Structures are given as C-alpha cells and as structure tokens.
Amino acid sequence: MQKIYAKPESLNKVSSPYCPGCLHGVAQKLMAQALDSLGLREKSIIVMGVGCVSLGRTYFNMDMVPAAHGRAPAVATGVKRIRPDRFVFTYQGDGDLAAIGTSEIIHCANRGENITTLFINNATYGMTGGQMAPTTLVGQTSTTTPAGRDPKTTGYPLKMAEIIATLEAPAYVARFALNSPANILKAAKGIETAFRMQVENKGFSFVELLSNCPTNWHMKPLDALATIEKNMIPYYPLGEFKVRK
Amino acid sequence: MGKQFIKGCEAIAEAAIRAGCTFYAGYPITPQNEIPEYMSARMPDLGRTFIQGESEIASISMLYGASAVGARVMTSSSGPGMALKAEGISYLASADLPAVIVNVSRSGPGMGKISPAQTDYWFSVKASGHGGYKTMVFAPANVQEAVNLTYEAFDYADRDRNPVIVLADGIIGAMMESVSLPEFKTVFPDKSGWVADGCEAREPRIIKNSAVDNETWEKYKISRAGMYESWRKNDVRVEEYLVEDAEFILTGYGTCARIAKTAVRELRAEGMKVGLIRPITLQPFPYESYRRLDPARVRAILDVEMSIPVQMIEDVQLGVCNKIPVFPLGRDGGFTPLHQDIITEMKRISAGQGGE
Ligand SMILES: Cc1ncc(C[n+]2csc(CCOP(=O)(O)OP(=O)(O)O)c2C)c(N)n1
Ligand code: SF4
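The model shown is predicted, which means the values in this text are computed figures rather than measured ones.

Asks: For this particular structure, what's the right way to read the interface of chain A and chain B?
Replies: Interface size is often expressed as the accessible area that is lost when the parts come together. Chain A puts 29 residues into the contact, and the matching count from chain B is 34 residues. A buried area of about 2500 Å², summed over both sides, lies between chain A and chain B, and 57% of it is on carbon and sulfur atoms. Sorting the residues of chain A by area buried against chain B places Glu42(A), Asp63(A) and Ile82(A) first, and these three jointly supply 22% of that buried surface. At the boundary of chain A and chain B, one finds 5 salt bridges. Here Glu200(B) and Arg86(A) are joined by a salt bridge, their closest N and O atoms 3.2 Å apart. Elements with a contribution of two residues or more to the side of chain A that touches chain B: β1 (44-48), β2 (63-66), α2 (72-82) and α4 (102-111) of chain A. The biggest single contributor to the side of chain A that touches chain B is α2(A), with 7 residues. Taken together, the residues of the side of chain A that touches chain B sort by class into 11 nonpolar, 7 polar and 11 charged.

Asks: When you look at the site of ligand 2 in this model, what are you seeing that I'm missing?
Replies: Residues and elements named next belong to chain A. Every residue near ligand 2 is listed here: Tyr-18, Cys-19, Cys-22, His-24, Cys-52, Asn-122, Gly-126, Cys-213, Pro-214, Thr-215 and Asn-216. Ranked by the residues each element gives to the shell around ligand 2, the list is headed by helix α8 (residues 214-217), at 3 residues. In the shell around ligand 2, the residues fall into 6 nonpolar, 5 polar and no charged.

Asks: Looking at this model, I keep getting lost on the pattern of salt bridges. Mind explaining?
Replies: Any two side chains of opposite charge can pair, so long as their charged atoms come close to each other. All names here are of chain B. Taken as a whole, this structure holds 39 salt bridges over all chains when the rule is applied. Between Glu-34 and Lys-7 there is a salt bridge, with its nearest N and O atoms 2.7 Å apart. Of this pair, Glu-34 sits in helix α2 (residues 34-42) while Lys-7 sits in strand β1 (residues 3-7), placing them 27 residues apart in sequence. Of the charged contacts in the structure, one is a salt bridge between Arg-258 and Glu-177, with a shortest N-O distance of 2.5 Å. Taken together, the residues span a long stretch of sequence, with Arg-258 in helix α9 (residues 254-269) and Glu-177 in strand β9 (residues 176-180) at a distance of 81 residues. Classification of Arg-258 by relative accessible area gives partly exposed; the value is 34%. For Glu-177, a relative accessible area of 16% translates into the label buried.

Asks: Just checking my understanding: could you explain the packing of aromatic side chains for this structure?
Replies: For any two aromatic rings, the description comes down to two numbers: the centre-to-centre distance and the angle of the planes. Tallied over the full model, the rule gives 14 aromatic pairs over all chains. Both rings, one in Phe138(B) and one in Tyr156(B), keep their centres 5.5 Å apart while their planes meet at 70°; by these two values the pair is edge-to-face. In this pair, Phe138(B) is assigned in strand β7 (residues 136-138) and Tyr156(B) in helix α6 (residues 143-160), connecting sequence segments 18 residues apart. Summarising the burial analysis for this pair, Phe138(B) and Tyr156(B) share the class buried. The structure contains a cluster of three or more aromatic residues connected by ring pairs, namely Phe87(A), Phe89(A) and Phe195(A). Between the NZ or CZ atom of Arg161(B) and the centre of the ring of Trp194(B), over which it lies, the distance is 4.0 Å. Lys185(B) extends its terminal NZ or CZ atom over the ring of Tyr151(B), reaching a point 4.0 Å from the ring centre.

Parameters at a glance
Residues numbered from 1 in each chain as written. Chains lettered and ligands numbered in written order. Predicted model: local features only at pLDDT ≥ 70, side-chain atom pairs only at ≥ 80, totals over all residues. Heavy atoms only, no water. Contact = heavy atoms within 4.5 Å. Buried area = accessible area lost by both parts, 1.4 Å probe. Salt bridge = Lys/Arg side-chain N within 4 Å of Asp/Glu carboxyl O. Helix = DSSP H or I, 4+ residues; strand = E, 2+ residues; numbered from the N terminus. Nonpolar A, V, L, I, M, F, W, Y, C, P; charged D, E, K, R; others polar. Near = heavy atom within 4 Å. Buried < 20%, exposed > 50% of the residue type's maximum accessible area, 1.4 Å probe, protein only. Phe/Tyr/Trp six-rings, centres within 6.5 Å; stacked < 30°, edge-to-face > 60°. Lys NZ or Arg CZ within 6 Å of the ring centre and 35° of its normal.

As structure tokens, then:
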C-alpha cells in the first residue's frame, strides 16, 4: 500500500494538548512539515515562548530552549550567534510577542538576526484565561474588557507584521490565516519561504498566523473559524509585506 | 607573565576573556561602562560575540540562549540594571545554565547615585531574582582579586551549572592597579551531555526551566538545596587577619575590608588587639569564622560597609548567634568610610560607647 499521509517526523507521536478546534495544532503541523521538507529537524533549536504555545513542549521532536515570557527573540539571538550553523526559530503568542516582548522582537528583527519567528495571533491571552491581548480587536470582549475593547483607554490592536515590515533588516515578513484549507496552504508555503530565508543566510524572517481560541472566545470551533474570516482578516490584511530577493 | 597597570573594569573584562568567555551581552550603565566597551573592542577580534543588548532584560536573555548551546557567557551591570536582570538570573538558575554576572555596584535604591557603594548585598546574596534559589557571590577587595575571582567564576558556574555573581563595588571597578593576568584557558568542561544544540545522532533535549509534575519539581529543588549546602562545606572563602588573639573584630567586604585592614594595623600599633574577618564569598557566607570567635575574649565586632543601613551585618549576627555585640559603621551616598573613622569608632566601642 502506498503511504499518502504521515505525521511529520518533527512532531512526536503524542496526543494534542490543545483544546478542541484550537489552531495552535495546525500551526505546529505546518512548521513541522516545513522542517521535514527542508531536512532541518536535527539541526533545529526551537525557542519556545510562554502561553499556549508552550503546551507544545512535548510535541516537538527536536531540541528546545524554553524562554521567559516575551524573551524568545533575545534567547534565540544568543543561540544563533553561538551556533550560526543551526536552524533557530521562535514560536510565540500575541501576549508574549506583542506586549511583554515587544522590545525583544523589534530589536531582534532590527538587528537582522538570522532566525525565524512564528507568531500566533489569536487576539487573546489563551493560557491565562482570555484577557485582553495587544491584538484584541476593537469591541471584542475579554475577561479584562468585559464591555468590549475600547480604544479610548486601550488603544488599537497592534499590527505586528506591518510594524516589523517597516524595518530595514528583516528579509521576510508575512501574515497568513489558518481558518480555511486555502489559507492553510498559503501559510504552509509562507512558512517554508521564511525558513528558506534563514537557511540561505538572508536574515530575519517573520510569519504572523491569524489563529483562534475557541475556549476563551466562547465559540464553537466552526464559529471561531468564521470569526477569523469576518472580524480578523479585514483588520489584519493577509499577504507578504517584505520579501528579500 | 609580567604585571599590567590596568583599571578594575577592564581587568575584569580581560579576565573573562582569558577564562574563555565567548559571549558577552550588556547594556550601558555607570560605573561599569568600561566592561562592555572593552568587550566590544576585544571580542570580535578573537572571533567571539559582543552584543549591546537593547536592555538588561534582553542581554541576560541572550546569555540564557548562548549558555543553552554551551558558550561561556558573561554580562555586567549595576543596581538598576541588575534589577532588570533579576528575571533572567532566576531563569538561568531554574534551567541549570551557567553564567557569570558582574555587578559593579552603586548606591540605591532606585536610580540612586552612580557613585561607588555596597547597597546590593541583600539583592545579590538573598534574592537576585524570584523563586528561592542561590548563586555563589564573590566579593573582590582589589583589582587582582577581581581578576582572579572573575576568572574562577566561570569554572564554578560550569561545575554547578548555575549562575555566579561577582559583586565588585564601583571603587574596584574604577581603580587602577598593577595586576598579573592569568593565562588563556585552553581546557574546558565537556557540555555535550546536556546542551540543546541540535539533536543530530541523539535524542532531542529540552532545556528544563519548569516541570510538569510536582514530584519532579520538588526532587529538583531538593537536589539544588543539597548543592547550596555543599558550598557551605567546601567553597567558603574568607580572609582572617590577626584574629587569633583579637579582642575586637573589624569586618567588611570589598573596598571596606581593605580600608578596615589599614585600621587594624594602626590600632595594633597603638596596642589594641584588633583583627579582621573579610568574607570573600558572600554566598556561601563564612558563618564559621564568626561562630568560632570566643565570646569570653572578643568583646565586640564592628561591621563596616558603604551602605546605610548596613546589610551584611545580619549574616554576621547570625554567625555569632548574639553572643558578641555587632556594631554598624555605614557610609553611603558615595562616601567611603575612612580608616580614621573606623579607628575612632573602634575606640568608642572599646570605651563602652559603641552604637551611641
Ligand atoms: C513575566 C510573566 N508575566 C506573566 C506571565 C503569565 N502568563 C503566562 S501565559 C500568558 C499569556 C500568553 O498569551 P499569548 O502570548 O497570547 O499566548 P496564548 O496563550 O494565547 O497562545 C501570561 C500573561 C508569565 N508567565 N510571566
Ligand atoms: S486556551 Fe485557546 S489558545 Fe489555548 S489551547 Fe485552548 S483554544 Fe487554544
């Protein structure tokens, strides 16, 4: 019998720690597939953010350096400078990357560190129970914006991909969504492009993935996918913002 | 090798380089700017890494990453920057990652003053970060000792897989002295058994900084507590000077101990039986040196620090178990206690007027 599908080698054969319908699992599979197809697993060091991303600790079949909340880009800088021959990437949520770790991501990108950052934007703090994230949409309710996010007191959701794309150094900056098969295929390609940038020593690459949190959005998985389409994509446009030739 | 006339901060940087430090990251702050400046000039020439981090938080996090893949790493700072490094020091400790952290201390709290002081004793010794861990803390009293202790700090950090703090006050950092620099280290511990540097030909590894289950975490904490205990048995360093027959003891660390030593000599010349106890390791603290003092002979201890309130005094008191009175002599704000001040206070104490 011909094998047409297998779990990527870059993921361990353990059950998913994620809530039903959560797209973290999809994001991780895409990363793992890209690592497999580029033959990077044994050279890889994943620098893990703090949040639901880190539930994936047991999932990745490669060396891992878990960072403090928000510090993954700085930790990855240290790893890569000492081992430039290794493949180094960070995996971070929006609280991790766009609030407590804004400084670390901006400066890592600005130094053009030859690493890759995968940024899961689910517009909330999943792990701590659904508080407002810097990416929470205007009007979106959360446990700390019970009446909906009010820009008068909390400002507007941060568009991290656009912010990073204004910098000179980064080689690749893009945003994809994980809500439909078509979008997932584009994301898969984008992640591979980002990884290639590092392999070819072109510098910092950044992929933002619009994701969900059915649990803290208090939605059924299908409604959460529809919400990405209806509410998130209009505010967070998809596409490649910067591609170094 | 011949002697070199060199400034404390630069001597510390050169000692680190000779100890095999291949990764330095730091953020400017007085009075230790000469360390990153020196590193920025020397490290790239040697094919090593210097990064001026965007903050102390980022710098210590960079160390964490570089240490996780096996580099010998160092950062340096002073009070306000050490506060920001606290997160990273705690994470290094939890992940069993070696690192050397130099604090060239100034006066706090807050922004405080950039002038030399010793107000970071508690912070360095009792809680350099959250969560209840310990690091060894070395306190040099001159530039040569700053060189030697920095050089050795890397070996202790690797031996224990734990951060080590070198607590040098701003006077030692700024002072120029003639020192002999150690040879370049060429033999380093094998870290291939634990680094997370890519899983070629082996099982993948996770640098652990937490545990999934309670039992594992508690067991881990117990093993680390055992390590701290072993320091107290094996690694205490202390200078005891003319303590044998002393009726009065001066104590202090770093610059203050050096000044106190002059006071000991002058008081001895006047016939007063005074000795000095100078902790070199603040962690592990030389409690034994104080515990051994005979209360029937030693009438009082005077603790001299560039800090108000004095801080080390609490450990001295623990050492003597309240059997000998301990008096404070603290200066702060950039003032250094003069040896004449120490002599005057010692005489007051001997006349029964101490602490008044
Ligand atoms: C310094 C620090 N502050 C706060 C926390 C608590 N904390 C853990 S995860 C998290 C939020 C993570 O949210 P996000 O990055 O959006 O990831 P998600 O869980 O949504 O995937 C917070 C605030 C922490 N671990 N460390
Ligand atoms: S809390 Fe949200 S982000 Fe976390 S696993 Fe559950 S659904 Fe996913």
